[in-house]
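Here is how the chains run, residue by residue.
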Amino acid sequence: MIQKVLIANRGEIALRIIRACRELGIKTLAVYSEADVQSLHVQLADEAICIGGPKSTDSYLRADRIISAAEIADVDAIHPGYGFLSENAKFAEQCESCNIKFIGPKSKSIRIMGDKAIAKDTVRKAGVPTVPGSDGPVESEAEAVKIARKIGYPVIIKAVAGGGGRGMRIAHNDVSFAKEYHVARNEAEKAFGNGAVYIEKYIQNPRHIEFQILADSHGKVLHLGERDCSVQRRHQKLIEEAPSPFLNADLRKKMGKAAIRAAEAAEYQNAGTIEFLVDPKGNYYFIEMNTRIQVEHPVTEEVTGIDLIKQQIRVANGEKLDLDQSDITWTKHAIECRINAEDPARNFTPSPGTISLYYAPGGHGVRVDSHVYSGYTIPPYYDSMIGKLICYGSTRKIALQRSYRALSEYLVRGIKTTIPLHKAIMSDPTFIEGKATTAYMEDFMSRTPPDLF
Ligand code: ADP
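Below you will find a few notes about this structure.

Cut-offs used in this document
- Residues numbered from 1 in each chain as written.
- Predicted model: local features only at pLDDT ≥ 70, side-chain atom pairs only at ≥ 80, totals over all residues.
- Heavy atoms only, no water.
- Pairing = 2+ DSSP bridges.
- Helix = DSSP H or I, 4+ residues; strand = E, 2+ residues; numbered from the N terminus.
- Axes fitted to C-alpha atoms, helices over the stretch in contact; angles between N-to-C directions.
- Contact = heavy atoms within 4.5 Å.
- Buried < 20%, exposed > 50% of the residue type's maximum accessible area, 1.4 Å probe, protein only.
- Near = heavy atom within 4 Å.
- Polar contact = N/O pair within 3.5 Å; in protein donor to acceptor, adjacent residues only side chain to side chain.
- Areas by Shrake-Rupley, 256 points an atom, 1.4 Å probe, with all protein chains shown as cover.
- Nonpolar A, V, L, I, M, F, W, Y, C, P; charged D, E, K, R; others polar.
- Phe/Tyr/Trp six-rings, centres within 6.5 Å; stacked < 30°, edge-to-face > 60°.

## Structural notes on the sheet that holds strand β6 (residues 155–159)
Then step 1. Read from one edge to the other, the open sheet built from three strands follows the order β7-β6-β8, with strand pairing classed as antiparallel. The two strands at the open ends of the sheet, each matched to only one other strand, are β7 (168–171) and β8 (197–201). Taking each pair of neighbouring strands and ignoring which way they run, the sheet shows an average axis angle of 25°.
Then step 2. In the sheet, β6 pairs with β8 via five bridges, with the strands oriented antiparallel. Its bridge partner being in β8, A159 is matched across the sheet by V197.
Then step 3. On the sheet, helix α8 (residues 174–192) packs against β6, β7 and β8 and is oriented at approximately 175° with respect to β7.

See below:
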């Protein structure tokens, strides 16, 4: 039985995990960098150990120090959260070999899904549609151009080790391909230490629709429905909602089954997400699997009533899922807005600094997952997300109105945030009508004067 969990993360997700553990009667150990002494996760955990300097390469990415902390504090499990070491197969393996439960999938599944070319190949063999493209990574520019011509422009060049929207470039013809191919390789090499890229058809105006998977170690794999994450800036999600305004019951059923097949193909256990692009005609294509809990997991929790973090811990404990597919229903609509410390009026430049006043909204149907408070100083070393606002209700209309109302109450003084941007989107007809595709944000920004933010 898991009695004590080390949380190998920071920010709102560290708090989210502490809260789930506390409700389950499990003790928590926070690890933190020198820049996070003031952080709420350090204050709220039962114990805390400093693991290094402010840069994540000196702290949250130091597997050796995290494992040492786990051994010193005698924990039985590590929850990696998202980002940092959460999709690092070697780290999961190290935990496995030290007899510490990794609250996530087996390292083997992380390895399969962590290489996007292998992942595509694996799910295709299981009968899941994938975006037409190269079979695995391309070896040379000459070969790459040949494939691009065969698929037909526009194409997208993607890093096999990709994540966070980096190492991804679009090419419209041979000339732009030659340039973008090298840019993508260099970006991938810099960001992931692996310059390998593959090529896909660029799907025009798609929706990003992903399915939440939950699987136990006894062979049961369920899906908890979809999240529509089409509102993105530079391939990074800004707003997520469930259910998707685009899907009907029939398509949801088909995609849900495909998502389960994809997870089974990787012998998946624990919580994970199968991401698809869906074209305007309703054709869907697998793009990748995230082998961890995701930022946007609360929208699924609010529409299904299932606590995903608790389920993760139970599955890691070897327990059987006490749910069947037919138990999972979607009776509400939920929308999440990511609140980032960025200035939307100035090309989303990061806005770290001290929050002089913080007041989070509340009331019926409002959830705020955040680690910040009045007087908190945002360190410049990590990502810019300072909170998530999740509003839910019995219909999409209510969730939209509630989001607008809650955003109007949300006060974060002393820094710039994306709150005014979200308010503008919540009152934009295209978004309200449920018509946003991944092309939405670029169009929205081009027709919205910056002084609105
Ligand atoms: P990452 O792992 O970096 O997040 P993904 O493969 O999940 O990369 O893709 C992120 C986003 O990039 C997608 O949600 C979509 O907006 C865009 N994208 C990726 N592949 C394609 C494609 N083949 N056609 C059109 N857009 C794409």
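What follows continues from the structure just given.
## Concerning unusual backbone geometry
Then step 1. The residue after Y153, namely P154, is reached through a cis peptide bond having omega -5°.
Then step 2. Here P154 lies in the loop between α7 (141–151) and β6.
Then step 3. In this structure, P243 follows A242 across a cis peptide bond, with omega equal to -10°.
Then step 4. Residue placement: P243 occurs in the loop between β11 (236–242) and α9 (249–265).
Then step 5. Although it is not a glycine, R234 adopts a positive phi angle of roughly 50°.
Then step 6. The topology assignment puts R234 in the loop between β10 (221–233) and β11.
Then step 7. For N347, which is not a glycine, the phi torsion comes out positive at approximately 55°.
Then step 8. Within the secondary structure, N347 sits in the loop between β15 (342–343) and β16 (349–350).
Then step 9. The exposed category is assigned to N347, whose relative accessible area is 54%.

## Some points on the site of the ligand
Then step 1. Every one of the 22 residues lining the ligand counts as a neighbour, but G165, E200, H208, Q232 and E288 are closest to it.
Then step 2. Here an oxygen atom of the ligand sits 3.5 Å away from a polar atom, N or O, in the main chain of G163.
Then step 3. For the ligand, an oxygen atom lies 2.9 Å from a polar atom in the side chain of E275.
Then step 4. Computed on the free molecule, the ligand has an accessible area of 560 Å², of which 95% lies beneath the protein chains in the complex.
Then step 5. Contributing elements (two or more residues each) for the shell around the ligand: β6, β8, β12 (270–278) and β13 (284–290).
Then step 6. The class makeup of the residues in the shell around the ligand is seven nonpolar, eight polar and seven charged.

## A look at the packing of aromatic side chains
Then step 1. Scanning the model with the defined rule gives 12 aromatic pairs in all.
Then step 2. Residues F177 and Y181 carry aromatic rings whose centres are separated by 5.9 Å and whose planes lie at 20° to one another, so their mutual orientation is stacked. Of the two residues, F177 and Y181 both sit in helix α8, four residues apart, roughly one turn of that helix.
Then step 3. For the ring pair Y358 and Y410, a centre distance of 5.8 Å and an interplane angle of 70° mean the geometry is edge-to-face.

## Some details on the sheet that holds strand β21 (residues 385–393)
Then step 1. Strand order in the open sheet made by the eight strands is β13-β12-β9-β10-β11-β14-β21-β19, with antiparallel pairing throughout. The sheet is open, and its two borders are formed by β13 and β19 (366–370), each paired with just one other strand. Neighbour-to-neighbour, the strand axes of this sheet turn through a mean angle of 25°, independent of strand direction.
Then step 2. Relative to β12, strand β9 (residues 207–215) runs antiparallel, the two being bridged by nine bridges. Bridge pairing in β12 places I213 opposite G272.
Then step 3. Packed onto the sheet, helix α1 (residues 11–23) meets β19 and β21 and runs at close to 110° relative to β19.
Then step 4. Of the strands in this sheet, β9, β10, β12 and β13 touch α9, which is tilted by about 55° from β9.

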